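Architecture and fold: a report
What follows is the residue order along each chain.
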Amino acid sequence: MIKRKHALGGALALAVAVGVAVGGPAGNGMPGRGAAAVTAAGSTTADSTGAADHTRLRALLQRLTTVDGGPGALVEVRDRRGSAVLTSGVADVRSHAPMRRDSRFRIGSMTKPFVATVVLQLVGERRVVLDAPVERYLPGVVRGHGNDGRLITVRQLLQHTSGLPDYLTYLTPREVLKDPLAHHDTRDLVNIALAHPPAFEPGTRWHYSNTNYLLAGMLIEKVTGHTYGEEIRRRIITPLGLRETYVPGDASAIPGPHPRGYVRPGEGAPLMDITAINPSVAGSAGEMISSGTDLDRFLDALVRGRLLRPAQRREMMKTRPTGNPDGRAYGLGLESRPLPCGGLYWGHGGDIPGYETVGGATVDGRQATVLVNVDPGGPEAQDDDMRAAVRTALCDGRSSVSR
């Protein structure tokens, strides 16, 4: 998982300490870890395969909602024969309502593969050139403090090799938390980043920056005349029948059944509810809403070639190392990681206040998506256990679900 959330998490703690309200306490002062333990042992399963033994996966879900302190967790695993949904913990620490198998949730940076797919479709239509400078499509936008769109290519935006600063490093959390429902203009967010020097010369290194995908969303709008959200709906959501996937814009509500989203502002502090937030603060870098079912379907269609022409799919899957010891490599809006049972899986992670998601798929037709409804405030072990759940689900799928 990309560690964008931890800097924000520390700033959240500061903001709460100085009295910035995020929302009411999630459980009358009850610590989040205690709330999570209420139903952690009572995992539920809806399994349409009838064959898989998810013992190891259940254990990881229970760990996420006990040791790691998440209120609730969900995993949906799917292959060509069927799907299974496992849940643990609670969707709401006030009512102790269980996590529903059909939950929708904010997916954070799992928005990026959707955005990259649209850009690559435009490349396939010869409306965008991957190795053209960003300046060609967004003239005069990327300027200042050594940042120069004439020297940065579209490919470098999608692969996080542009060197552009990440706006989330500099966005004042106090501004977000004092009014979670406030609109944030994309150009203003980009300008926050451009007020600082680049991290490195374009193309020379890899460094994750959400600014890249704000610009990718702006590029889509400039080329098509439609918002990036409209293009995602037309090109991905509607063709794939993703009925639980949304690009919300300024809408603060999550349509349909969903868990409450929480932050933990400090060690041992009560959970705070931040379900209602204007996701324009994330924009095309991370504002979307989806479900386990829809994300599995999307990732399957993407990695198996239903959304991109062969040439563009190959470009998306040309990866470069990120320096992560677990072998993570990053393509164009899609990352790969090795599986303990052999081969790779392709996917992404995402976090946004209230929710953390990790998803992955293999080219032979297995997918898994994991959700926990607290972020920031989870320990490093939460990230590790979510990735372990994806690996376990995909490898269990090879040995049992797909048998």
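Residues numbered from 1 in each chain as written. Predicted model: local features only at pLDDT ≥ 70, side-chain atom pairs only at ≥ 80, totals over all residues. Heavy atoms only, no water.

This part is about the overall build of the chain. A count of helical and extended segments in the chain gives 12 helices and 15 strands. Here the chain, with 403 residues, has 60% of them falling under the buried criterion. For the chain, the proportion of contacts with a sequence separation of at least 24, taken over those separated by at least 6, is 73%. (Helix = DSSP H or I, 4+ residues; strand = E, 2+ residues; numbered from the N terminus. Buried < 20%, exposed > 50% of the residue type's maximum accessible area, 1.4 Å probe, protein only. Contact = heavy atoms within 4.5 Å.)

All right, on to the pairing of strand 13 (residues 344-352) then. In terms of burial, strand 13 is largely enclosed, as eight of its nine residues are buried. In terms of strand pairing, strand 12 (residues 335-338) meets strand 13 through four bridges, oriented antiparallel. From the neighbouring strand, E335 faces strand 13, where its bridge partner is G347. In this structure, the hairpin formed by strand 12 and strand 13 is closed by a connection of five residues, where G342 is found at a positive phi of approximately 105 degrees. By the bridge criterion, seven bridges tie strand 13 to strand 14 (residues 355-361) in an arrangement that is antiparallel. By the bridge assignment for strand 14, G349 is matched with V358. Between the end of strand 13 and the start of strand 14, which pair antiparallel, lie two residues, with G354 showing a positive phi angle near 110 degrees. (Pairing = 2+ DSSP bridges.)

Here we take up the pattern of salt bridges. In total, this model carries 22 salt bridges according to the counting rule given. The salt bridge partner of E315 is R155, with a shortest N-O separation of 2.8 Å. Of this pair, E315 sits in helix 11 (residues 310-316) while R155 sits in helix 5 (residues 154-159), and the two are 160 residues apart along the sequence. Residue E315 shares its accessibility class with R155, and that shared class is buried. Linked by salt bridges that have partners in common, E125, R127, E231, R234 and R235 make up one network. (Salt bridge = Lys/Arg side-chain N within 4 Å of Asp/Glu carboxyl O.)

Within the chain, residue pLDDT values average 88, and 85% of them lie at 70 or more. In the predicted structure, residues 1-42 sits below a pLDDT of 50 and forms 108 contacts with residues beyond four places in sequence or in another chain. (pLDDT = per-residue confidence, 0-100.)

Once that is clear, we can look at the state of the cysteines. A full pass over the atoms with the stated rule returns one disulfide. A disulfide bridge connects C341 with C395, and the sulfur atoms are separated by 2.1 Å. Its S-S torsion of approximately -85 degrees makes the covalent link between C341 and C395 left-handed. Separated by 54 residues along the polypeptide, C341 in the loop between strand 12 and strand 13 and C395 in helix 12 (residues 380-401) bring together distant segments of the chain. (Disulfide = S-S within 2.5 Å.)

This paragraph deals with helix 8 (residues 211-224). With 14 residues, helix 8 should reach 20 Å at 1.5 Å per residue; the first-to-last C-alpha distance of 20 Å fits that figure. Within helix 8, the full set of buried residues consists of T211, N212, Y213, L214, L215, A216, G217, M218, L219, I220 and T224. Elements that come into contact with the buried residues of helix 8 comprise helix 4 (111-124), helix 5, helix 7 (186-194), helix 9 (228-240) and strand 11 (329-330). Immediately downstream of helix 8, the backbone of G225 shows phi near 80 degrees, a positive value. (Expected span 1.5 Å × (residues − 1).)

Here we take up the packing of helix 4 against helix 10 (residues 292-303). Between helix 4 and helix 10, the least distance of the axes is 11 Å, while the angle of their chain directions is 35 degrees. Crossing hand, helix 4 versus helix 10: left-handed. Only L295, F298 and L302 of helix 10 make contact with helix 4, whose side of the interface consists of P113, F114 and T117. (Axes fitted to C-alpha atoms, helices over the stretch in contact; angles between N-to-C directions. Left-handed = near helix turned anticlockwise from the far one by under 90°.)

The next thing to look at is the side chain of D294. One can find D294 in helix 10. What makes D294 buried here is its relative accessible area of 2%. At 2.8 Å, the side chain of D294 and the side chain of T245 are in polar contact. Setting aside anything within four residues of it in sequence, one finds D294 in contact with L242, R243, E244 and T245. (Polar contact = N/O pair within 3.5 Å; in protein donor to acceptor, adjacent residues only side chain to side chain.)

Here D375 and P376 are connected by a cis peptide whose omega angle stands at -5 degrees. Tracing the backbone through its elements, the reader meets P376 in the loop between strand 15 (367-372) and helix 12. We note that H160 has phi near 60 degrees; this positive angle belongs to a residue other than glycine. Tracing the sequence through the fold places H160 in the loop between helix 5 and helix 6 (173-177). Overall, the relative accessible area of 0% leaves H160 in the buried class.

What follows concerns the environment of L240. Note that L240 resides in helix 9. Judged by its relative accessible area of 10%, L240 is buried. Through-space distance from the C-alpha of L240 to that of A301 is 8.1 Å; in sequence the pair is 61 residues apart. The contact partners of L240, leaving out residues within four places of it in the chain, are R297, F298, A301, R306 and L307.

A few words on the packing of aromatic side chains. Tallying each qualifying case throughout the model produces four aromatic pairs. Through pairs of rings, three or more aromatic residues link up here, namely W206, Y208 and Y330. (Phe/Tyr/Trp six-rings, centres within 6.5 Å; stacked < 30°, edge-to-face > 60°.)

Look at helix 4: 20 Å from first C-alpha to last across 14 residues, which is about the 20 Å you get at 1.5 Å a residue. With 14 of its 14 residues buried, helix 4 lies for the most part within the structure. Just downstream of helix 4 lies R126, where phi reads positive at about 65 degrees.

A word on the environment of G203. Inspection of the secondary structure puts G203 in the loop between helix 7 and helix 8. Among all residues touching G203, those that are not within four sequence positions of it are Q156, T161 and R320.

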